[in-house]
Amino acid sequence: MDRWHDCIALVTGSSAGIGKSIAIELARQGMIVIGWARRLENLKIIENQLSSEGKIFVGRKCDVTQETSVSNEIAWIEKTYGKLHVVVNNAGIGRVASLTEGKTQLWQEVIDVNVIAAAVISRETLKLMRKCGINDGHIFFLNSIVGHYITPLIGAGMYCASKHGITCMADMTRKELIASGFKTRVTSISPSYTKSEIFEKSGRKVSADEPMLESQDIANIVVWILSTAPSVQITEVIVRPTGSQF
Ligand SMILES: NC(=O)c1ccc[n+]([C@@H]2O[C@H](COP(=O)([O-])OP(=O)(O)OC[C@H]3O[C@@H](n4cnc5c(N)ncnc54)[C@H](OP(=O)(O)O)[C@@H]3O)[C@@H](O)[C@H]2O)c1
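Residues numbered from 1 in each chain as written. Predicted model: local features only at pLDDT ≥ 70, side-chain atom pairs only at ≥ 80, totals over all residues. Heavy atoms only, no water.

Engineer: How should the overall build of the protein chain be read in this particular structure?
Structural biologist: Each helix and strand in the protein chain was counted, giving 7 helices and 7 strands. Its helices and strands taken in sequence order, the protein chain reads β-α-β-α-β-α-β-α-β-α-β-α-α-β from the N to the C terminus. Here the C-alpha radius of gyration of the protein chain, 17 Å, is about what a compact globule of 246 residues would show, namely 18 Å. Over its C-alpha atoms, taken along the principal directions, the protein chain stretches across nearly 45 × 45 × 35 Å. The 246 residues of the protein chain split such that 50% are buried. Here the contacts in the protein chain between residues at least 6 apart in sequence split such that 70% fall between residues at least 24 apart. Accessible surface, the protein chain as shown: approximately 11600 Å² in total, 53% of it carbon and sulfur. Averaging the positions of the 27 positive and the 24 negative side-chain charges in the protein chain gives two centres separated by 3 Å. (Helix = DSSP H or I, 4+ residues; strand = E, 2+ residues; numbered from the N terminus. Rg over C-alpha atoms; globule rule 2.2 N^0.38 Å. Buried < 20%, exposed > 50% of the residue type's maximum accessible area, 1.4 Å probe, protein only. Contact = heavy atoms within 4.5 Å. Areas by Shrake-Rupley, 256 points an atom, 1.4 Å probe, with all protein chains shown as cover. Lys, Arg positive; Asp, Glu negative; His and termini not counted. Charge placed at Lys NZ, Arg CZ, Asp CG, Glu CD.)

Engineer: So what exactly am I meant to see when it comes to the pairing of strand S6 (residues 185–191) here?
Structural biologist: Look at any regular strand and the pattern is simple: side chains alternate between the two faces of the sheet. The buried count for S6 comes to 7 of 7 residues, which makes it a mostly enclosed element. Of the two faces of S6, the one holding Arg185, Thr187, Ile189 and Pro191 and the one holding Val186, Ser188 and Ser190 are both buried throughout. Strand direction decides the pairing type here: strand S5 (residues 138–142) and S6, joined by 5 bridges, are parallel. Note on S6: the bridge partner recorded for Phe140 is Thr187. Handedness of the crossover is the feature at issue here: the chain leaves S5, passes through helix H5 (residues 157–179), returns alongside S6, and the resulting connection is right-handed. Where S6 meets strand S7 (residues 236–239), 4 bridges bridge the pair, whose relative direction is parallel. In the sheet register, Ser188 faces S7, and the bridge partner there is Glu236. (Pairing = 2+ DSSP bridges. Right-handed = clockwise from strand over helix to strand, strands pointing away.)

Engineer: Help me understand the pattern of salt bridges, please; the structure alone is not making it clear to me.
Structural biologist: Scanning all chains against the criterion turns up 14 salt bridges. In this structure, Lys131 and Glu78 form a salt bridge, with 2.8 Å as the shortest nitrogen-oxygen distance. Remark: Glu78 occurs in helix H3 (residues 67–81) and Lys131 occurs in helix H4 (residues 104–131); sequence separation between them is 53 residues. A relative accessible area of 62% places Lys131 in the exposed class. Linking Lys175 and Asp171 is a salt bridge whose minimum nitrogen-to-oxygen distance equals 2.5 Å. (Salt bridge = Lys/Arg side-chain N within 4 Å of Asp/Glu carboxyl O.)

Below is the structure:
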């Protein structure tokens, strides 16, 4: 990770779960991490914890579905640091809402956070990278195993569709970057069940017998991917907990 020491990383949705673990791990690896979420109080706890370890994490309140808020926060990164090297599009939500009877509002919320926000943030942060001459950065998308396989979970149809959208967006972003001569790498990380707040918030119950990943497992994978040589591009990682039948 020496190459990324003192480089700037943005992690969306870093107030909890996978994003929190990724943000903490990148800061511990020597990166300057900016964490976005709506719960600023959670971000401040992480900021204080890392500060006491001599590491840099700066929590910034940002609702990723609000384009003005996203633009303002990217402008703040430019003004404060003048550069950006790594973006982790992690913020995501699940809603239990079937395709045959579910409410449009719930579908919309899933698409707004999981797809549109990730697309806007990638576009706008890539503009900043170009502007500040970063040609070899890294964009991550937190996808899901259901972005590749159709889930048997009733009520997860729109979530599954949103993650299939991420599979497409990640690879198209990679192709567009190559077409415009950029060496910024793109990786989609697709975990299966991972312990986090997402199930409780979406109203989905997971069986106690279900093998689960830890959010730290995903953070370790992000570090592993960043640590590969610049000539190596890991485009997709599917991660299952050992013993999972999914
Ligand atoms: N856990 C799993 O089993 C699993 C499996 C595969 C993929 N994933 C994906 O991994 C990513 C992280 O999920 P998680 O499991 O860690 O969920 P989580 O514990 O619920 O955390 C979600 C994070 O996203 C943030 N967020 C949600 N809506 C936001 C908004 N409008 N603006 C800004 N931030 C927002 C939340 O922060 P605030 O509420 O403070 O805004 C929180 O920090 C998601 O993309 C999810 O789809 C999870």
